[in-house]
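# Fold and contact review
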Amino acid sequence: MIIDILNFLVRFVLLVFLQIVVINNIDLSTYVNPYIYVVLILSLPYNTKPWLVLVISFLLGMTMDTFSSMPGPHIAATVLMGYMRRFYLMFSTNKDDLETKIEPNFSSKGPIGYMVYVLLMVFLHHFVLFFLEAFTFHQFFSTLSRIFFSTLFTTLLVGLGQLLFYKVAKKA
Amino acid sequence: MKNLIFFIYKYYVFFMFLAFEVFAMVVLFRFNNYQQASFLNYTASTSASIYNAINSTTGYFNLKTLNDSLQQENARLRSQLLQSYYQNGFTTTNINDTLFKQQYQYISAQVVNNSISKKNNFITIDKGSLHGVKRFDGVICPNGVVGIVWQVTPYYSLVQSVLNSKSNTGAKVKKTGDIGTVTWDGANALFAQLSDVNTFVPVAIGDEIVSTAQSASYPEEIPIGKIVKIDRNPEKNSYDITILVHTPFSRLKNVYVVRNLFKESQQAAETKAVEEEAKNDN
């Protein structure tokens, strides 16, 4: 139990650090703003209590907002994603798995199932985040294409991360 | 009552979700509402000091280019010093100068955090109210305008970059002096848009766009950019001009906060005029 919590805290700090120090400085284009920190919520074990998912989402969103000079968007987007995660998992995973401590990843959901899960959740997150950041429906399609490209990029990065850690897990 | 409690207990996750979302919306709307953003006052100093630590490491990578640009600026300023002028005439008199009163003060600052790829970009700088920075002061760099101070905390300030879809920078065509507004459409960090320039103004590609003191945030004639594309806006009888921004936002490091010492009196005069106009209308 304590090991789980420590493991989680290390992940939290590493992901936030990776996001603000590396990913936020990529500046590839104004249309590509990947936010990979959401993977922290996406890879919580199946049996995590719903309220705990919400609290973690809130704290994570709050942390990202602190580093992004506009308060609110990250909280709203991450909490919504954390809330919706449960429903998608209920629909896509069998009931026995939902009671276990297994984390959703390549091996437990299969590569395609996992990528679809990430794509949908990241799209939901980015949709809310980018519209709240823009704070206007003016230039609707420009914001929409931002969401589209950023979602693809985030999903790609998360998939690459999975490939990296999946292999490590197999060796161990 | 018992039923209500049972109802809330049954759906407590949903209510928790709702509470978090409402909290997020409240802080977001307060931030966007020109009011004091209280959330930011708590968080800005923490995040800024962490960014500062990161920056002190990454800052080494571009020291060379930084030194070059500072050296160039030094050279230009040095050439404006009194010592670099030949004194043509041999009588010197001391006069108490009442003709020239200092209007602008410059506070040098370092960029602590910066983004160029969002729709609303903000810049954090390491000077705050303790150093005399006030809200809506202009921020410039050796190459041109940077933005307007948006939030002030004791040690840090948040600057609304020109690369922000909500920024409106008062500008003019340097050659003719006609005024317009510089905005940013959020597509490319290299280009900004100049609007409200009347079609009878003779603008050409390559013309310089500079700031105007009418906005009271920037001094006169701080460079902004250069015209690269001119389109006619048939609805408004004005040009839609695309300008190449001079400020290198992607590697911004040293900036100056401009304190306009006459700003309060300029704004007081303007609000007075507006009030009197309103009175005359009634």
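Residue numbers restart at each chain and count upward from 1, following the sequence in its written direction. As they are written, the chains are lettered A onward and the ligands numbered 1 onward, keeping that order. Thresholds applied to this predicted model are a pLDDT of at least 70 for local features of residues and 80 or more for the giving and counting of side-chain atom pairs; totals over whole chains, interfaces and linings are not thresholded and use all residues.

Attention now goes to the overall build of chain B. Secondary structure assignment for chain B yields five helices and 12 strands. Each of the 282 residues in chain B was classed as buried or not, and the buried ones make up 33%. By the criterion used throughout, residues are in contact when their C-beta atoms, derived from the backbone, lie within 7 Å. Considering only contacts in chain B between residues 6 or more positions apart, those separated by 24 or more positions represent 59%. Helix and strand assignments come from DSSP, with helices taken as H or I runs of at least 4 residues and strands as E runs of at least 2, each series counted from the N terminus. In this scheme every C-beta is placed from the backbone, and a residue whose C-beta has 20 or more other C-beta atoms within 10 Å is buried, one with 12 or fewer is exposed, and one in between is partly exposed.

From N to C terminus, chain A includes eight helices and zero strands. Overall, chain A shows an N-to-C arrangement of helices and strands of α-α-α-α-α-α-α-α. Taking the principal axes of its C-alpha atoms as reference, chain A extends roughly 45 × 30 × 30 Å. Residue burial in chain A is summarised as follows: out of 172 residues, 41% are buried. Summarising the internal contacts of chain A: among those between residues at least 6 apart in sequence, 69% fall at separations of at least 24.

Another aspect to go through is the domain arrangement of chain B. Reported domain spans reflect what an automatic or database domain assignment gives. Once the domains are mapped, chain B shows domain 1 (2-32) and domain 2 (169-248). A straight line from the C-alpha centre of domain 1 of chain B to that of domain 2 of chain B covers 46 Å.

This brings us to the sheet that holds strand E6 (residues 169-173) of chain B. Residues and elements named next belong to chain B. Two strands make a pair as long as DSSP finds a minimum of two bridges between them. If you walk around this closed barrel you meet the six strands as E6-E7-E8-E11-E10-E9, and the pairing is antiparallel. Here the average twist between neighbouring strands, direction ignored, is 40°. Here E6 pairs with strand E9 (residues 208-211) via three bridges, running antiparallel. Of the residues in E9, the one forming a bridge with Lys172 is Val210. Where helices are involved, their axes are fitted lines through C-alpha atoms of the stretch in contact, as for all axes, and angles between N-to-C directions lie from 0 to 180°.

Time to look at the interface of chain A and chain B. Listed by partner, the interface residues are 28 residues for chain A and 35 residues for chain B. For the side of chain A that touches chain B, the secondary structure elements donating two or more residues are helix H3 (50-66), helix H4 (73-92) and helix H7 (111-134) of chain A. Broken down by element, the residue count for the side of chain A that touches chain B peaks at six residues, all from H4 of chain A. Only Asp, Glu, Lys and Arg are considered charged, only Ala, Val, Leu, Ile, Met, Phe, Trp, Tyr, Cys and Pro nonpolar, and every remaining residue, Gly among them, polar. Of the residues that constitute the side of chain A that touches chain B, the class distribution is 17 nonpolar, nine polar and two charged.

A helix is expected to span 1.5 Å for every residue after the first. Compared with an ideal rise of 1.5 Å per residue, which puts 17 residues at 24 Å, H3 of chain A spans 24 Å between its outermost C-alpha atoms and is within 8% of the ideal. Along H3 of chain A, the positions that sit buried rather than exposed are Val53, Leu54, Ser57, Phe58, Leu60, Gly61, Met62, Thr63, Met64, Asp65 and Thr66 of chain A.

Let us now look at the sheet that holds strand E12 (residues 254-260) of chain B. All names here are of chain B. With antiparallel pairing, the six strands of this closed barrel are ordered in space as E1-E2-E5-E4-E3-E12. Across the sheet, the mean angle separating the axes of adjacent strands is 45° when strand polarity is ignored. Taken together, the three bridges between strand E3 (residues 138-141) and E12 define a ladder with antiparallel strand orientation. Opposite Ile140, over in E12, you have Tyr256 as the bridge partner.

What follows covers the environment of Glu133 of chain A. Here Glu133 of chain A is to be found in helix H7. Each C-alpha atom of the pair Glu133 of chain A and Thr143 of chain A lies 9.7 Å from the other, and the pair is 10 residues apart in sequence. Among residues more than four places away in sequence, those in contact with Glu133 of chain A are Met70 and Pro73 of chain A together with Lys118, Lys119 and Asn120 of chain B.

Side chains that are three or four residues apart share a direction in an α-helix, a result of its 3.6 residues per turn. The end-to-end C-alpha separation of helix H4 (residues 63-78) of chain B is 22 Å, in line with the 22 Å expected for 16 residues at 1.5 Å each. Taking burial as the measure, the 16 residues of H4 of chain B include zero buried ones, a minor fraction of the element.

Now for the nonpolar core. Counting residues in each nonpolar core, the largest one holds 49 residues, and the members touching the most others are Ile140, Val146, Val159, Ile209 and Val255 of chain B. Top element by residues in this core is strand E4 (residues 144-152) of chain B. It accounts for six residues. Residue contacts for Ile209 of chain B: discarding those within four places in its chain leaves Ala171, Val173, Lys174, Val182, Leu194, Ile224, Gly225, Lys226, Ile227 and Ile243 of chain B. In this usage, the nonpolar core is the set of buried Ala, Val, Leu, Ile, Met, Phe, Trp, Tyr and Cys residues whose C-beta atoms join them within 7 Å. With 44 residues, the next largest nonpolar core counts Tyr37 and Met81 of chain A together with Phe20 and Phe31 of chain B among its residues.

Across a regular strand the side chains alternate sides, sitting on one face of the sheet and then on the other. Residues and elements named next belong to chain B. Of all seven residues making up E12, five are buried, and the element is well covered by its neighbours. Bridging between strand E1 (residues 104-114) and E12 involves seven bridges; their strand directions are antiparallel. Following the sheet pairing, Gln105 is matched in E12 by Arg259.

Once that is clear, we can look at unusual backbone geometry. Residue and element names in this part refer to chain B. In the Ramachandran plot, Phe136 falls in the positive-phi region, its phi being about 70° despite a non-glycine side chain. Positive phi outside glycine occurs at Asp196, with the angle close to 65°. One can find Asp196 in strand E8 (residues 191-198).

Before going further, it helps to spend a moment on the environment of Asp281 of chain B. Residues and elements named next belong to chain B. You can see Asp281 is positioned in helix H5 (residues 263-281). Judged by the 6 C-beta atoms lying within 10 Å of it, Asp281 falls in the exposed class. Sequence-wise, Asp281 and Gly180 are 101 residues apart; in three dimensions their C-alpha atoms are separated by 28 Å.

A separate point is the packing of H4 of chain A against H7 of chain A. Angle between the axes and distance between the axes are the two parameters that describe a pair of packed helices. Residues and elements named next belong to chain A. The interhelical angle for the contact between H4 and H7, taken along N-to-C directions, is 155°, at an axis separation of 9 Å. The orientation of H4 relative to H7 falls into the category roughly antiparallel. The two elements H4 and H7 meet at a crossing, and its hand is right-handed. Across from Pro73, His74, Ala76, Ala77, Thr78, Leu80, Met81, Met84, Arg85, Tyr88 and Ser92 in H4, the residues of H7 making contact are Gly113, Tyr117, Leu120, Met121, Leu124, His125, Val128, Leu129, Leu132 and Glu133. Orientation labels follow simple angle bins: below 35 degrees gives roughly parallel, above 145 gives roughly antiparallel, 65 to 115 gives roughly perpendicular, and whatever is left gives oblique. Crossing handedness follows the turn of the near helix against the far one: under a right angle anticlockwise gives a left-handed crossing, and clockwise gives a right-handed one.

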